[in-house]
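Summary of structural features
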Amino acid sequence: MARVVVNVPPRAKRGEVIEIRTLAGHVMETGFRRTQTGELIPRDIITQLVCTYNGVEVFRAELHPAMAANPLITFTTVAAESGTLEFKWTGDNGYAATQSAAITVV
Amino acid sequence: MTSRRQFLALVPGALVAGGAAAQLDPNIQALRAAALEAAIRKITGGKPVRAGKVKLQVPPLVDNGNTVPLSVSVDSPMTAADHVAAIHVLTEKNPQPYVVSAYLGPRAGRASIATRARIADTGRVIAIAQLSDGSFWSDTVPVVVTLSACLEDGLI
């Protein structure tokens, strides 16, 4: 149900810097908006994204309500060896999503 | 179409919301400035932040504050001895100053991140980078926002 997309180049040269784009489908409700009747809408956001490369953490981001809906995060990593990149999003109200991408390093 | 009865039911809520906005107003600017300063102090632990090395790219004129593309890159060789440990993005006028904190390491290869933020009002956007030697560098960009985030269908 949680929809997430990652964009990792399928193959890369050893030592090359690759760009990774991640997108998670989420409303990112800030907790500052009110309904028509004046009640605060409770906060509901993704708070963290962790990326591990063959089990080693290479990137971590902490998100706050000021992130736009459907948070897009782009970062880079060095293509060190063939294997998998694991992405894990966690958030309010028990939100959790994972995605993985394989990469072949030549 | 809102009937007269529905409209009357909504009025007290609207008054409460309006009242809340009125209560926020008097020294909101001082409060936001203090919150921003506290956030920077929390990140740096009181160490000086120097301008330079960091390049923050935000469009200078933003039509829609709900989705503002921004990217931060830091001039760093990204070796085990000399790399960027963290990049923080803050805004001046949002209800909370924090936008995103990214933690990198030498395996990032290049210190550059991109994302999309919400910006509530015309003001400064600040990117702070923490280097592996413990120094802090920043870049500040003034941004003009025509349609504010946060308030579009909340208080109005």
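To be clear, the structure that these remarks concern was listed above.
My aim in this report is to walk through the structure given alongside it, one point at a time. Because the structure is a prediction, the values reported are computed rather than measured. (Residues numbered from 1 in each chain as written. Chains lettered and ligands numbered in written order. Predicted model: local features only at pLDDT ≥ 70, side-chain atom pairs only at ≥ 80, totals over all residues.)

With that settled, the discussion passes to the overall build of chain B. When helices and strands are tallied, chain B shows two helices and nine strands. Written out in order from the N terminus, the α and β elements of chain B read α-α-β-β-β-β-β-β-β-β-β. With 156 residues in all, chain B has 37% of them scored as buried. Restricting to contacts in chain B with at least 6 residues of sequence separation, those with at least 24 account for 66%. (Helix = DSSP H or I, 4+ residues; strand = E, 2+ residues; numbered from the N terminus. Buried ≥ 20, exposed ≤ 12 C-beta atoms within 10 Å, placed from the backbone. Contact = placed C-beta atoms within 7 Å.)

With that out of the way, let us pick up the overall build of chain A. The helix and strand tally for chain A stands at zero helices and eight strands. Along chain A, helices (α) and strands (β) appear in the sequence β-β-β-β-β-β-β-β when read from the amino end. Summarising its shape, the C-alpha atoms of chain A cover approximately 60 × 20 × 20 Å along the three principal directions. Here the analysis covers contacts within chain A between residues at least 6 apart in sequence; of these, 56% occur between residues at least 24 apart.

Residues other than glycine seldom take positive phi values, yet A:Asn70 does so here, at roughly 55°. Checked against the element boundaries, A:Asn70 lands in the loop between strand 5 (56-63) and strand 6 (72-78). Its identity is not glycine, yet B:Lys53 carries a phi of approximately 65°, on the positive side. Assignment of secondary structure puts B:Lys53 in the loop between strand 1 (49-51) and strand 2 (54-57). By C-beta crowding, B:Lys53 is classed as partly exposed, having 18 other C-beta atoms within 10 Å.

Next up on the list: the interface of chain A and chain B. Each side of the interface is counted separately: chain A has 27 residues, and chain B has 33 residues. If you list the elements that add at least two residues to the side of chain A that touches chain B, you get strand 5 and strand 6 of chain A. For the side of chain A that touches chain B, the element with the highest residue contribution is strand 6 of chain A, accounting for seven residues. Each residue belonging to the side of chain A that touches chain B can be placed in one class, and the counts come to 15 nonpolar, eight polar and four charged. Inspection of the sheet shows strand 6 of chain A paired to strand 7 (residues 112-117) of chain B by two bridges, in the antiparallel sense. Within strand 7 of chain B, the residue paired with A:Ile73 across the bridge is B:Thr115. (Nonpolar A, V, L, I, M, F, W, Y, C, P; charged D, E, K, R; others polar. Pairing = 2+ DSSP bridges.)

Moving on: helix 2 (residues 28-44) of chain B. With 17 residues, helix 2 of chain B extends 24 Å between its outermost C-alpha atoms, agreeing within 8% with the 24 Å of an ideal straight helix rising 1.5 Å per residue. Of the residues trailing helix 2 of chain B, B:Gly45 is marked for its positive phi of about 65°. (Expected span 1.5 Å × (residues − 1).)

Let's shift gears to the environment of A:Ser100. As for its position among the elements, A:Ser100 is in strand 8 (residues 96-105). Along the chain, A:Ser100 and A:Ala2 lie 98 residues apart, while their C-alpha atoms are 14 Å from each other.

Pairing is antiparallel across the open sheet formed by six strands, whose spatial order is 1(A)-3(A)-6(A)-7(B)-4(B)-2(B). On the outer flanks of this sheet lie strand 1 (4-7) of chain A together with strand 2 of chain B, each paired with one strand and no other. Put simply, the sheet's adjacent strands are angled 15° from each other on average, direction ignored. With seven bridges connecting them, strand 3 (residues 17-24) of chain A and strand 6 of chain A associate as antiparallel partners. Bridge pairing in strand 6 of chain A links A:Val17 to A:Val78. (Axes fitted to C-alpha atoms, helices over the stretch in contact; angles between N-to-C directions.)

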